[in-house]
Structure formats: structure tokens, C-alpha cells
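Inside the fold
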Amino acid sequence: MLKEINKIGIPFVALLFLYLLNPFGLNIYIGYLLTALIVLQKGFLIKNIDLGFLLLFLFSITYAAFFSFDPKAGSQYIIIYAIAPVTLYLLGKYVADKIDNGTNLVLFLLLVGCIFSITAILSVFTDILQNGYNVVERNLPNYWTGQIIPATIMGSYFTVVMAIPALLIPEIKKLPFLIKILLFVIYGISIACVLRIGSRTQLGISIITLLISLLYVMPRQSFKRNLFMFSLLGFLIFFVANTVSFDLDQDWLSAFAGRMEDGGGEDIASGGGRTERWEKSMENLFKKPLGWSEHEFGHAHNLWFDVLRIGGFLSFFLLIAFTTNAFLTVKRAVKKNKTAYAFNNLIIVYTLSICMVFMVEPILEGMFDFFAFFCFLIGVVKKYNADYPIID
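Residues numbered from 1 in each chain as written. Predicted model: local features only at pLDDT ≥ 70, side-chain atom pairs only at ≥ 80, totals over all residues. Heavy atoms only, no water.

With 14 residues, helix α3 (residues 27–40) should cover 20 Å at 1.5 Å per step; its first-to-last C-alpha distance of 20 Å lies within 8% of that length. Along α3, the residues that are buried comprise N27, I28, I30, G31, L34, T35 and I38. Along α3, the residues classed as buried sweep out an arc of 155 degrees about the axis, all on the same side. Opposite the buried face of α3, at more than 90 degrees from it, the exposed residues are Y29, V39 and L40. Here the buried face of α3 lies against α2 (10–21), α4 (44–47), α6 (76–98) and α18 (368–387). (Helix = DSSP H or I, 4+ residues; strand = E, 2+ residues; numbered from the N terminus. Expected span 1.5 Å × (residues − 1). Buried < 20%, exposed > 50% of the residue type's maximum accessible area, 1.4 Å probe, protein only. Arc of directions from axis to C-beta. Contact = heavy atoms within 4.5 Å.)

As C-alpha cells, then:
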């Protein structure tokens with residue numbers, strides 16, 4: 001892995017990790033540096049212009065133009081919205097171009113996913129150590145800046161690490177046993193953090209991705225490994241069921257108890273009131289195709305519909321075109337080499353996890369780097385499709 005990092009280049013890797021960590025809210029400026037580094041790579045930009053790049057670039061420019069009429073987050077975001085998505089997309093391609101071993105590509109994507117969660121883990125776990133669980137307030141301060149972050153935004157940064165059990169279903173070559181233990185420790189800490197902020201979405205992601213991974217991998221691996229896997233899962237379920245109390249009166253379930261009291265089953269069935277906002281957004285696609293004010297009914301809590309609200313129908317359809325192209329890219333990658341279970345499983349799980357958050361959150365307002373992470377992932381998969389004859 002160290003050799004692969006050297007191939008990518010320390011400046012690229014360091015800036016990527018810093019962008020994902022976002023220390024002291026500096027990732028805006030780190031994004032500028034990444035853009036400059038990518039542009040300065042001789043011939044790289046021209047060689048890597050494809051349909052996905054063009055769709056993403058057109059979307060970014062269009063959305064930034066509409067956002068400029070009312071830049072609530074600040075004028076600097078006009079530039080960020082315009083250049084950061086394509087920069088991360090190209091960076092993904094650059095990384096995949098430099099890593100010439102399929103297993104190492106899997107390991108690097110695992111590492112990137114964990115790095116992306118570190119700031120959220122530090123923020124929430126620090127609060128747990130200081131205040132415990134007997135505090136119902138779900139919104140917590142950012143570890144670096146002290147700024148209060150809404151629980152839904154904080155929770156989104158756990159998305160990839162909450163899928164760790166699903167990622168480890170297939171055997172990953174060159175992944176040491178100690179690293180597997182470390183990944184499960186990160187997952188355990190993440191569970192503790194997700195319970196503290198009462199994120200039902202993240203728990204759902206963990207369960208759904210595990211089931212999807214089992215359905216994908218189980219028919220493709222040996223009976224011996226399947227037997228071991230189900231024995232381990234059965235033991236863990238039995239152990240948890242017999243040692244952990246799930247009574248909502250428990251301190252560690254305080255945040256969940258508060259949410260259930262506020263909304264209960266009806267709130268869950270309606271997606272926390274989101275379905276009504278999605279219906280209104282679809283109506284406004286025809287009534288107000290150039291967008292509408294947030295004051296009308298707030299956020300739509302959906303990536304595409306909130307883009308429609310701010311960027312109008314053109315941004316909306318360009319984003320649909322890009323994400324559709326991205327999903328087809330992942331589908332082609334899975335079909336490219338059907339025996340590459342670990343890589344295929346990883347990109348399926350990453351894409352599914354991210355898109356589950358896309359469905360229920362605004363994303364570009366408050367979670368922009370989450371979308372940028374998705375662009376990076378799709379850039380990696382695009383390059384893999386183009387260059388890799390077979391993944392080992």
C-alpha cells in the first residue's frame with residue numbers, strides 16, 4: 001500500500017485525506033490546491049474527458065450559476081460548486097491510474113472510507129466520553145471548529161464505515177488479520193456514535209448493506225467460507241441478544257427514545273415527513289421549473305429535488321443524467337470481472353450506502369463533500385472500466 005501511495009504521489013494523497021478530514025473547515029482551500037495539481041498534470045485532463053466528466057461539469061456550472069443569484073452559504077461556494085465535483089472525479093481517475101493492482105485498489109478505497117469518517121467519530125465519541133448518553137440533544141459540536149452540526153449531517157459521515165461488516169463478507173487478499181480487527185473496532189465505535197445521535201438511517205444502512213452483500217457474495221464463494229461466516233454471524237447475534245438490553249429506558253438509547261416519542265411509526269413510514277415534500281417538489285418541477293424559495297416548505301430532503309429547488313430543471317436533469325451514468329458505470333464494473341468479488345462487493349456497497357443518504361438528505365447544502373466523495377468513487381470506477389483488463 002505504501003508503494004501505491006508513493007505512485008499516486010504524497011501531495012495528492014495528503015491533500016485528499018485532508019479534504020476528507022476537513023480540519024478547521026479548510027477543505028474549501030484544499031479543494032483549490034487539488035484542482036491546481038490535477039490541471040498541472042500534463043495531458044491528464046484532456047485524456048480523461050468522458051461522458052461522465054462532461055455531464056458532471058455541465059451540472060456543476062449550471063448549479064453554480066443558479067446558486068449565484070442567492071449565495072446563502074457564501075460567494076466562495078459559487079466556485080466550489082463549479083469546480084470541486086469534477087476535480088474529485090478526475091482525482092479518482094488519477095488514483096485508479098496509478099494503482100495497478102486490483103487488491104491494492106480495494107485496500108485504498110477502504111482506507112479512504114475510514115479517513116472520511118474520522119472527524120465525525122472524533123466529534124461524537126468525544127461528546128460520549130464527556131457527557132455519556134443521558135443527553136437527548138442530538139446536534140453536536142464539530143471536533144475541529146466547535147460549530148454545532150445537525151445530527152443528520154453528522155450521521156452522513158458514518159455512512160461508509162457503517163457498511164464495514166458488508167465490506168468484509170468476501171475474502172480480501174493482503175488484508176492482515178490485525179487490520180480486520182481494527183476495522184471492526186472502528187465499526188463498534190461508529191455504532192456507539194450513531195446511537196448517540198439517534199441516526200435510524202445509519203443503522204438501516206448497516207443492516208441493508210449486510211443483506212445485499214450476503215445475497216451477492218454467498219452464491220459466489222465456497223461452502224466452507226459461507227459456513228464460517230454464518231457461524232460467526234449467528235454467534236454475534238446470539239451474544240448481543242443475550243447480553244444487551246434494548247429497553248428504550250436505557251441511557252444509551254436516550255436519543256432513539258426521544259425520536260420515537262416525537263414521531264413513532266408514522267414518522268418512519270413517511271420518511272420523517274419527507275414523502276410529502278417529494279410530492280410537492282414533483283409538482284413544482286412543472287409549476288416552478290426555475291426553482292423556488294426554501295421558505296415554501298423547507299428542504300425536500302433529497303439530493304435531486306433540492307438541486308431542483310435551487311438550480312432549476314436544467315440542473316435537475318443534468319444531475320439525473322450524471323447519476324444514471326454513474327450507476328451504469330458501477331454495473332459495467334461488476335460485470336467486467338465477475339470473479340473479483342471483493343472489488344465488486346465494495347463498489348456495490350459504497351454506491352448503495354451513499355445513494356441511500358442521497359435519497360433522504362439535501363446533500364449539497366451542508367454535506368457537499370459527501371457528494372464530492374461520491375464523485376471520487378465514480379472516477380475510480382470509470383478508470384477501472386477503461387484500463388483494467390482484469391482485476392486480481
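One non-glycine residue, N22, lies in the positive phi region at around 55 degrees. Within the secondary structure, N22 is located in the loop between α2 and α3. Looking at N22, the relative accessible area reads 19%, which means it is buried. Look at F24: it is not a glycine, yet its phi comes out positive at around 55 degrees. Within the fold, F24 resides in the loop between α2 and α3. For F24, a relative accessible area of 52% gives the class exposed.

What follows covers the side chain of T351. Tracing the chain through its elements places T351 in helix α17 (residues 341–360). Exposure remark for T351: the relative accessible area of 8% places this residue in the buried category. Once residues lying within four places of it in the same chain are set aside, the contact partners of T351 are F327, V330, F374 and L377.

Here we take up the packing of aromatic side chains. All chains considered together, the criterion is met by 30 aromatic pairs. We note K336 situated over the ring of Y384; from NZ or CZ to the ring centre the distance is 5.8 Å. (Phe/Tyr/Trp six-rings, centres within 6.5 Å; stacked < 30°, edge-to-face > 60°. Lys NZ or Arg CZ within 6 Å of the ring centre and 35° of its normal.)

What the rule picks out here adds up to 10 salt bridges. Between K93 and D50 there is a salt bridge; the shortest N-O distance is 2.6 Å. On the criterion of sequence distance, the pair formed by K93 in helix α6 and D50 in the loop between α4 and α5 (51–67) is long-range, its members being 43 residues apart. D50 carries the same exposure label as K93, and that label is buried. Across the pair K288 and E296 runs a salt bridge whose closest N-O atoms are separated by 2.6 Å. (Salt bridge = Lys/Arg side-chain N within 4 Å of Asp/Glu carboxyl O.)

Time to look at the nonpolar core. F108, F158, F358, L364, F371 and F376 are the most contacted members of the largest nonpolar core, which totals 128 residues. When neighbours within four sequence positions are excluded, F108 is seen to be in contact with M1, I5, I8, L16, F17, V95, I99 and F376. (Core = buried A, V, L, I, M, F, W, Y, C linked by side-chain atoms within 4.5 Å.)

So, on to the confidence of the model for the protein. Across the protein, pLDDT averages 88, with 91% of residues at or above 70. Mean pLDDT in the protein bottoms out at helix α14 (residues 264–269), which sits at 49, and peaks at α5, which reaches 96. (pLDDT = per-residue confidence, 0-100.)

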